[in-house]
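# Commentary on secondary and tertiary structure
Residues per chain are reported as follows:
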Amino acid sequence: MRLIFMGTPDFAVTSLKALLAAGYDVACAYTQPARQAGRGMALRPSPVEIVARSNGIDVRSPVSLTSIEEQRNFAALQADAAVVVAYGLLLPKAVLEAPRVGCFNVHASLLPRWRGAAPIQRAIMAGDSESGVSIMRMDEGLDTGDICAMARVSIPPSTTAQLLHDELAALGANLLVEVLNGTLACVAQPRDGVTYAQKIAKAETRIAFAKTSVEVRNHIHGLSPSPGAWFEAGGNRIKVLACETAPGEGSPGAVLDDHLTIACGEGAVRLLRLQRDGRQPMEAETFLRGLAIASGTKVS
């Protein structure tokens, strides 16, 4: 198969590398344009662009695919299939229909649950016991295409968004190669069980200790490490990257001991890994040496 690859972040890189290792002819890589980043605000290419160029693959970064010219350029590649993994642009009908056997998406959820932008985060935040990846033949809807393959993983209480991201990236890459190597047999998604994984909003990132300890833990882990769930103490904004539920009771937000156990609306959470603005992440014991948060403190 002659492929077009369309993706942008690290999650997509895993699939691109798997396709190259399997010997596929990747004719071109589409990715989001380079963005300004870092203290110097220099233009930084996407992870997919870096890997594609290092493998001699032509890279294109259009800001849109809606123009006739861009659609003709895409069709001129005469691809058998396009693979789309966290690309970031909508694909018009003309693009979807250009490859000989279609466009295939690696989506990090068990469709139709968690269609949309943030399936990994939403699954953890909702307290789902399992997640997975779906290989989908794309249509014009939002993650509504037929399912060609699916694989599942469990979500233990200690799972953060980063851990699940890495697990699903590897799982999706392997499953993608299996699908492309085999006989394509895709089936319609169930009509029941549809949910949408909306993009994470800034207003959601502040920790609400009035919720139950399980809800607080899921919220923290679902946003770890980025954008990060946070609270304020002593005028400092502090991200929490890992925690665990713990016994204890008190006014929500009250620090119950000298080990960062904080009361919730029901039960408590013990904070395990934290990060102050401008500092590196660190374990709770090390963190407390630099910023003491004593028992009896009320965090907000």
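Below, the structure is looked at part by part. (Residues numbered from 1 in each chain as written. Predicted model: local features only at pLDDT ≥ 70, side-chain atom pairs only at ≥ 80, totals over all residues. Heavy atoms only, no water.)

### Structural notes on the pairing of strand S7 (residues 103-107)
The side chains of a regular strand alternate, first on one face of the sheet and then on the other. Which entries qualify depends on this criterion: Relative accessibility under 20% of the residue-type maximum defines a buried residue, over 50% an exposed one, and the middle range a partly exposed one, all with a 1.4 Å probe and only protein chains included. A run of DSSP states H or I qualifies as a helix once it reaches four residues; a run of E qualifies as a strand once it reaches two. Both are numbered from the N-terminal end. At least two bridges found by DSSP between two strands are what make those strands a pair.
Of all 5 residues in S7, 5 are buried, a share of seventy percent or more. Taking every second residue as pointing to the same face, both faces of S7 are buried, with Cys103, Asn105 and His107 on one and Phe104 and Val106 on the other. Sheet topology note: the strand S6 (residues 81-85)/S7 ladder contains 3 bridges and is parallel. Across the sheet, residue Val84 finds its bridge partner in S7, namely Asn105. Sheet topology places S7 next to strand S9 (residues 130-137); 4 bridges connect them, and they run antiparallel. Counted as the bridge partner of Asn105 is Met136 from S9.

### Looking at the pattern of salt bridges
In plain terms, the rule: Just to be clear on terms, a salt bridge is a Lys or Arg side-chain nitrogen sitting within 4 Å of an Asp or Glu carboxyl oxygen.
All chains considered together, the criterion is met by 12 salt bridges. Between Asp25 and Arg2 there is a salt bridge whose closest N-O contact spans 3.5 Å. Placement of Asp25 in strand S2 (residues 25-30) and of Arg2 in strand S1 (residues 2-7) is noted, with a sequence separation of 23 residues between them. On the accessibility criterion, Arg2 (30% relative accessible area) is partly exposed.

### Regarding the layout of surface pockets
Operational definition: In this analysis the probe radius is 1.4 Å and the grid spacing 1 Å, with only protein atoms considered; a cavity is a set of points the probe fits into but cannot get out of, a pocket is an open set with protein on both sides within 12 Å along at least five of seven lines, and lining residues have an atom within 4 Å of a point. Grid points are joined across faces, edges and corners, and a volume is the space filled by probe spheres set on the points. Residues were grouped as follows: Ala, Val, Leu, Ile, Met, Phe, Trp, Tyr, Cys and Pro as nonpolar; Asp, Glu, Lys and Arg as charged; and all remaining residues, including Gly, as polar.
There is about 1,500 Å³ of room inside the largest pocket. Ala86, Gly116, Ala117, Ala118 and Pro119 are the residues nearest the centre of the largest pocket, which is lined by 44 residues in total. Of all the secondary structure elements, the ones that give two or more residues to the lining of the largest pocket are S7, strand S8 (115-116), helix H5 (119-125), helix H6 (161-181) and strand S11 (196-197). Residue composition of the lining of the largest pocket, grouped by class: 23 nonpolar, 15 polar and 6 charged. Volume-wise, the second largest pocket comes out at about 250 Å³. Along its surface, the second largest pocket is lined by Thr8, Pro9, Asp10, Gln32, Pro33, Arg35, Gln36, Ala37, Arg44, Pro45, Ser46 and Pro47. Of the residues forming the lining of the second largest pocket, the biggest block, 3 residues, is contributed by strand S3 (residues 35-37). Class assignment for the residues of the lining of the second largest pocket results in 5 nonpolar, 4 polar and 3 charged.

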